[in-house]
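Examination of the molecular architecture
Okay, here's what each chain looks like letter by letter:
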Amino acid sequence: MPSDIAIPDFDEPLLAKAVERLSPEEVDALPFGAIRLDAEGTVRFYSDAERRLSGYPKAAVGHKFFTEIAPCMNNAAFRGRIEQALDAGRLDIRFGFVGDFSSPATEVDVRVQSATSGGCWIFIRREG
């Protein structure tokens with residue numbers, strides 16, 4: 001049953017907090033991907049939207065994101081930015097990244113924010 005909470009836009013300043021108020025089904029229906037990692041980088045939530053938009057066919061929950069799910073993002077341009085923000089004490093970043101599961105040449109818009117329960121949310125918007 002849908003909640004009475006508005007579905008957040010990708011540009012929502014407090015996107016992670018807004019997404020955390022949604023049901024899992026509502027997060028799955030967002031027009032962009034949503035992934036929640038715990039503090040060790042293990043996937044705790046992987047939205048149906050991310051699965052569909054990325055073309056990633058396997059179950060992701062319980063797997064290490066950067067080594068088992070997305071080794072293409074295990075580099076300074078992606079993971080390094082997240083770690084740098086964590087070291088600075090403020091995980092609220094946005095950046096463009098070229099590369100995607102289904103098409104390595106695809107440019108995506110990425111937002112990463114802290115999750116209330118620890119770890120972080122990674123939101124990925126693809127054009128088109």
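A brief report on the enclosed structure follows. (Residues numbered from 1 in each chain as written. Predicted model: local features only at pLDDT ≥ 70, side-chain atom pairs only at ≥ 80, totals over all residues. Heavy atoms only, no water.)

Structural notes on the side chain of Asp109
Mapped onto the secondary structure, Asp109 falls in strand β4 (residues 107-114). Among the residues examined, Asp109 registers a relative accessible area of 16% and is labelled buried. Only 2.5 Å separates the side chain of Asp109 from the side chain of Arg94, close enough to count as a polar contact. There is a polar contact of 2.8 Å between the side chain of Asp109 and the side chain of Arg125. Excluding residues within four positions of it along the chain, Asp109 makes contact with Phe10, Arg94, Phe95, Phe123, Ile124 and Arg125. (Helix = DSSP H or I, 4+ residues; strand = E, 2+ residues; numbered from the N terminus. Buried < 20%, exposed > 50% of the residue type's maximum accessible area, 1.4 Å probe, protein only. Polar contact = N/O pair within 3.5 Å; in protein donor to acceptor, adjacent residues only side chain to side chain. Contact = heavy atoms within 4.5 Å.)

Some details on the sheet that holds strand β2 (residues 43-46)
Across the sheet, which stays open at both edges, the five strands sit in the order β2-β1-β5-β4-β3 with antiparallel pairing between neighbours. Only two strands of the sheet have a single neighbouring strand rather than two, namely β2 and β3 (92-98). Neighbour to neighbour, the strand axes of the sheet diverge by 20° on average, direction disregarded. Here five bridges tie strand β1 (residues 33-37) to strand β5 (residues 120-126), and the two strands are oriented antiparallel to one another. (Pairing = 2+ DSSP bridges. Axes fitted to C-alpha atoms, helices over the stretch in contact; angles between N-to-C directions.)

Some remarks on the pattern of salt bridges
Applying the stated criterion across every chain, the model contains seven salt bridges. Among the ionic pairs, Asp38 bridges to Arg44, the shortest N-O distance being 3.0 Å. Where Glu50 meets Arg126, a salt bridge forms, and the shortest distance between an N and an O atom there is 2.7 Å. Here Arg126 lies in strand β5 and Glu50 lies in helix α3 (residues 48-54), a separation of 76 residues in the sequence. Take Glu50: its relative accessible area is 0%, and that puts it in the buried class. Judged by relative accessible area, which is 12%, Arg126 ranks as buried. (Salt bridge = Lys/Arg side-chain N within 4 Å of Asp/Glu carboxyl O.)

Some words on the nonpolar core
By size, the foremost hydrophobic cluster in this structure holds 24 residues, and its most contacted members are Phe65, Phe78, Val112 and Ile122. Sorting the residues of this core by element identifies β1, β2, α4 (65-69), α5 (76-88), β3, β4 and β5 as the ones contributing at least two each. If sequence neighbours within four positions are ignored, Ile122 has contacts with Gly33, Ala34, Ile35, Leu37, Phe65, Phe66, Phe78, Ile82, Val110, Arg111 and Val112. Of all hydrophobic cores here, the second largest spans 13 residues; its members include Phe32, Phe45, Ala115 and Trp121. (Core = buried A, V, L, I, M, F, W, Y, C linked by side-chain atoms within 4.5 Å.)

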